[in-house]
Amino acid sequence: MQQTGTYVLPGDEQLHYLVMGTGKKLLLAFHGYGNSAALFSPFEKYLGSEYTILSFDLPYHGSSKWNGKRLTIEDIGLLLKDMKERYGVDKFSLMGYSLGGRICLAVAEHMPEQIDRLALLSSDGMSSHSFYSFSTNTCLGKRFMNHLVERPGVYISILNQLRKYKLIKASLHTFVLNHLQDRQSREFLRNVWNVTSSLRPNIGKLKSILNEYKIPVYIFAGQYDTIIAARLASNFAKNLKTAHLTILNCGHRTINAESIPEIAKTLLD
């Protein structure tokens, strides 16, 4: 039976989460853009006897309440420390889908000694995104995003030109255009991008750390994914000694009825 909880961070931001399973091991799960903690509910059937699963609503998603501050690795560190103490464990496993995968990778870079294993599903963060960094970490980029919310038409034209000359990736172009349809969607995009912008791993450093700590990394990518191409997962897995790459016969939604049992197996001994 699922239970709910709320974790209050400094500044009174609140992360809502679901508690699933009764196992002695701890699994923390982070969903993707536009999803909610319930995305991981189907895993309880397969993992609940071995794991207690904590699935978090990210800022501006689900039942979490957020006031605008950036979610930092220090915030995540506080959360993980408290959850480890609450459930009496020394280590935990991580599962992340899309945006949630990027958060997992950032945690792995900064807290590798605490991680048992890592499951990445259509994960962001396995390559750099210059446009994302520009729009969230520079004054000009932030002005661009604010203006985009108010007057999207001119920027749609600019984005099309950037894509035409291959200055941004096709996946990013498609993603942004799909979220410019109404003001609420544009504000949501700006808010989520800003609040998670500091949680980006240094890929070279991260891979070195994963190899040093011998953390098993299970990577699942969709063969037909147009948001995060499977080749990015393949490139990330190269020279990663403990990586296990699986290319699924699907698009970006790698969490589906066929894949869930296969993904769950990677977290079981």
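Given the structure is predicted, the values throughout are model-derived calculations rather than measurements. (Residues numbered from 1 in each chain as written. Predicted model: local features only at pLDDT ≥ 70, side-chain atom pairs only at ≥ 80, totals over all residues. Heavy atoms only, no water.)

1. A look at the side chain of E13
Consideration 1: With respect to the helices, strands and loops of the structure, E13 is situated in the loop between β1 (3–8) and β2 (14–20).
Consideration 2: Despite its burial, E13 pairs with no opposite charge, the nearest such side chain being K69 at 5.1 Å.
Consideration 3: For E13, the residues in contact, after removing those within four places along its chain, are Y7, V8, K65, W66, N67, G68 and K69. (Helix = DSSP H or I, 4+ residues; strand = E, 2+ residues; numbered from the N terminus. Buried < 20%, exposed > 50% of the residue type's maximum accessible area, 1.4 Å probe, protein only. Lys, Arg positive; Asp, Glu negative; His and termini not counted. Salt bridge = Lys/Arg side-chain N within 4 Å of Asp/Glu carboxyl O. Contact = heavy atoms within 4.5 Å.)

2. So, the sheet that holds strand β5 (residues 92–97)
Consideration 1: As summarised here, the arrangement of the eight strands in space is β1-β2-β4-β3-β5-β6-β7-β8, forming an open sheet in which the pairing is mixed. Of all strands in the sheet, those bounded by a partner on one side alone are β1 and β8 (243–248). Recorded for the sheet is a direction-independent mean angle of 20° between the axes of neighbouring strands.
Consideration 2: Pairing geometry for strand β7 (residues 217–222) and β8, over six bridges, is parallel. Opposite A221, over in β8, you have I247 as the bridge partner.
Consideration 3: Contacts from helix α3 (residues 99–110) reach β3 (25–30), β5 and β6 (115–121) within the one sheet, and its direction differs from that of β5 by about 145°. (Pairing = 2+ DSSP bridges. Axes fitted to C-alpha atoms, helices over the stretch in contact; angles between N-to-C directions.)

3. Let's talk about the packing of aromatic side chains
Geometrically, a pair of aromatic rings is defined through the distance of the ring centres and the angle of the planes.
Consideration 1: For the structure shown, the criterion picks out four aromatic pairs.
Consideration 2: Summarising the aromatic geometry, the rings of Y33 and F188 are spaced 5.1 Å apart at their centres and angled 65° between planes, so their arrangement reads as edge-to-face. With Y33 in the loop between β3 and α1 (44–47) and F188 in helix α8 (residues 183–195), this residue pair connects regions lying 155 residues apart in the sequence.
Consideration 3: For Y33, a relative accessible area of 15% gives the class buried.
Consideration 4: Given a relative accessible area of 24%, F188 falls into the partly exposed group.
Consideration 5: Aromatic pair F40 and F43: ring centres 6.2 Å apart, planes at 40°, arrangement tilted.
Consideration 6: A residue is classified by how much of its surface remains accessible, and F40, at 1% relative accessible area, is buried.
Consideration 7: When its relative accessible area of 1% is taken as the criterion, F43 is described as buried.
Consideration 8: Here a set of aromatic residues connected by ring pairs shows up, and it is made of Y17, F30 and F56.
Consideration 9: Here K207 stacks its cationic end above the ring of F236, 5.7 Å away from the centre of that ring. (Phe/Tyr/Trp six-rings, centres within 6.5 Å; stacked < 30°, edge-to-face > 60°. Lys NZ or Arg CZ within 6 Å of the ring centre and 35° of its normal.)

4. Re the pairing of β6
Consideration 1: In terms of residue burial, β6 counts as a mostly covered element, since six of its seven residues are buried.
Consideration 2: When β5 meets β6, the two strands line up parallel, connected through five bridges. When the sheet's bridge partners are listed, Y97 is paired in β6 with L121.
Consideration 3: In this fold, β5 hands off to α3, which returns the chain to β6; that crossover is right-handed.
Consideration 4: The sheet contact formed by β6 and β7 spans four bridges and is parallel. (Right-handed = clockwise from strand over helix to strand, strands pointing away.)

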